[in-house]
Amino acid sequence: MKRPSWHELQAIKTLGEQRSFRRAAELLGLKRSSLSHLVKTLEHNLGVQLFQRTTRSVSLTDAGEQLLQRLAPLLNQMDEVLHDVSLSRQQQYGTLRISASDVVIGLLLDQVVPEFSARYPGIQLDFSAQGALVDITAAGFDAGIRLIEDVPQDMVAIALGGPLTFVTVASPDYLAAHAPVRQPQDLLQQQCIRHRLPGGKRYRWEYQRAEESLEIDVPGTLTLDNNALMARAAINGSGIAFVPSLYVSEALQQGKLVELLADWRIQSAGIALWFPPNRHQSMALRLFIDALKTRLPHHR
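Each value, and the rule that gives it
- Residues numbered from 1 in each chain as written.
- Predicted model: local features only at pLDDT ≥ 70, side-chain atom pairs only at ≥ 80, totals over all residues.
- Heavy atoms only, no water.
- Pairing = 2+ DSSP bridges.
- Helix = DSSP H or I, 4+ residues; strand = E, 2+ residues; numbered from the N terminus.
- Axes fitted to C-alpha atoms, helices over the stretch in contact; angles between N-to-C directions.
- Contact = heavy atoms within 4.5 Å.
- Parallel < 35°, antiparallel > 145°, perpendicular 65-115°, else oblique.
- Left-handed = near helix turned anticlockwise from the far one by under 90°.
- Nonpolar A, V, L, I, M, F, W, Y, C, P; charged D, E, K, R; others polar.
- Buried < 20%, exposed > 50% of the residue type's maximum accessible area, 1.4 Å probe, protein only.
- Salt bridge = Lys/Arg side-chain N within 4 Å of Asp/Glu carboxyl O.

J.: Is there a simple way to think about the sheet that holds strand β15 (residues 271-275) in this case?
T.: Backbone hydrogen bonds are what pair the strands of a sheet, in a parallel or an antiparallel way. Read across the open sheet, the five strands follow the order β4-β3-β5-β15-β6; overall the sheet is mixed. The strands lining the two open edges of the sheet, one partner per strand, are β4 (123-129) and β6 (156-160). For this sheet, the mean inter-axis angle between neighbouring strands, taken without regard to orientation, is 25°. Sheet analysis places β6 next to β15, joined by five bridges and oriented antiparallel. Each residue of the ladder has a partner; that of isoleucine 158, found in β15, is leucine 273. Contacting β3 (94-100), β4 and β5 (143-147), helix α5 (residues 102-111) crosses the sheet at an angle of about 150° to β4. Across the sheet, helix α11 (residues 283-295) is in contact with β3, β4, β5, β6 and β15; its angle to β15 comes to roughly 170°.

Pasting the structure below:
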């Protein structure tokens, strides 16, 4: 029996995961006809059918399922071996395109990029500051960084930096001109900066103290879909904002904002780097993920 090549085994694994010749061929950088020929040749050499094909779908035979279950861990282990060898030879090159909010990119520039770029000068970082959630696959990004709860459920998410606390803030000028806010219900009589979620719904502000939880549909004439812009609007006196502390920590320290309802707080799971589950992680992305895990501070 002729031993299959590494390329053939990767093709079988990808087709088994995708169950589509078109998608598998795109991921492998092959023509669909070339992938079909490769599979037929391998099946002939092995003397066993691995896939059931119809005009609409592809499925694994019992032999195919057995092969894929045993093959996938071996290929993943080989990827790790090759990755380690590449690291040992200091062959770190490539370009990483990452979509994130402007505040997160600022955090990366402060905490991660200087050391990472000094250590891996062959890796180019291409950041795109975007307020709205984007389809990173369609837009050509290697990964995105967002709040964990905003990451699409069908993506792989790697938590970074620990949980984030949401805080209620307003400018001193706004507070001087409005009634005091002593409990969450007082927000119903205030001018709040409302938050529109990626799906279009308006976010109901969430509060928790001990065992007590509240959700409030706050009033306000200004609605935004970007935490950084909401923080900016609050600094300018447009109203009360409810945002992750990451976005307002500097303004709070400088006295541009004042925190309200400090005993009523809720935590987000934090930020995460995310990418499609079936996309091969480049060495550059793996190195960047390792740097993020090491360098990003744990926010409160």
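After that view, the rundown keeps rolling.
J.: What is the right way to look at the packing of helix α1 (residues 6-18) against helix α2 (residues 21-28) in this model?
T.: Any two packed helices are characterised by how steeply their axes cross, that is the angle between the axes, and by the distance between the axes. The contact between α1 and α2 brings their axes to 8 Å, and the two run at 135°. The orientation of α1 relative to α2 falls into the category oblique. Note on packing geometry: the crossing formed by α1 with α2 is right-handed. Facing Gln10, Ala11, Thr14, Leu15 and Gln18 of α1, the residues of α2 in contact are Phe21, Arg23, Ala24, Leu27 and Leu28. Counted by class, the contact of α1 with α2 contains six nonpolar, three polar and one charged residues.

J.: Please explain the environment of leucine 292 as it appears in this structure.
T.: Tracing the chain through its elements places leucine 292 in helix α11. By relative accessible area, leucine 292 is classed as buried at 0%. For the pair leucine 292 and threonine 168, spaced 124 residues apart in sequence, the C-alpha to C-alpha distance is 28 Å.

J.: What is the right way to read the pairing of strand β7 (residues 164-170) from this model?
T.: Along a regular strand, successive side chains alternate from one face of the sheet to the other. With seven of its seven residues buried, β7 lies for the most part within the structure. Burial along β7 is two-sided: the residues Leu164, Phe166, Thr168 and Ala170 and Thr165, Val167 and Val169 are all buried. Inspection of the sheet shows β7 paired to strand β14 (residues 266-268) by three bridges, in the antiparallel sense. Bridge assignment links phenylalanine 166 to a residue of β14, and that residue is isoleucine 266. In this sheet, strand β12 (residues 241-244) lies alongside β7 in antiparallel orientation, the contact comprising four bridges. Residue pairing across strands places phenylalanine 166 opposite proline 244, the latter belonging to β12. Pairing geometry for β7 and strand β13 (residues 258-260), over three bridges, is antiparallel. From the neighbouring strand, alanine 170 faces β13, where its bridge partner is valine 258.

J.: Just to check I follow, could you spell out the environment of valine 151 for this structure?
T.: Relative to the helices and strands, valine 151 is located in the loop between β5 and β6. Separated by 123 residues in sequence, valine 151 and tryptophan 274 have C-alpha atoms that sit 7.0 Å apart. In contact with valine 151, not counting residues within four places along its chain, are Ala157, Ala272 and Trp274.

J.: Would you take a moment to explain the pattern of salt bridges for this structure?
T.: Pairing is possible between side chains of opposite charge, provided their charged atoms come close. Applying the stated criterion across every chain, the model contains 12 salt bridges. When the shortest N-O distance is used, the salt bridge between arginine 202 and aspartate 217 registers 3.1 Å. On the criterion of sequence distance, the pair formed by arginine 202 in the loop between β8 (193-195) and β9 (205-209) and aspartate 217 in the loop between β10 (212-216) and β11 (222-224) is long-range, its members being 15 residues apart. Judged by its relative accessible area of 38%, arginine 202 falls in the partly exposed class. Glutamate 215 is paired through a salt bridge with arginine 204; the nearest N and O atoms lie 3.5 Å apart. Residue glutamate 215 is found in strand β10, and its partner arginine 204 is found in the loop between β8 and β9; the two are separated by 11 residues along the sequence. For glutamate 215, a relative accessible area of 49% translates into the label partly exposed. Taking relative accessible area as the criterion, arginine 204 reaches 39% and is therefore assigned partly exposed.

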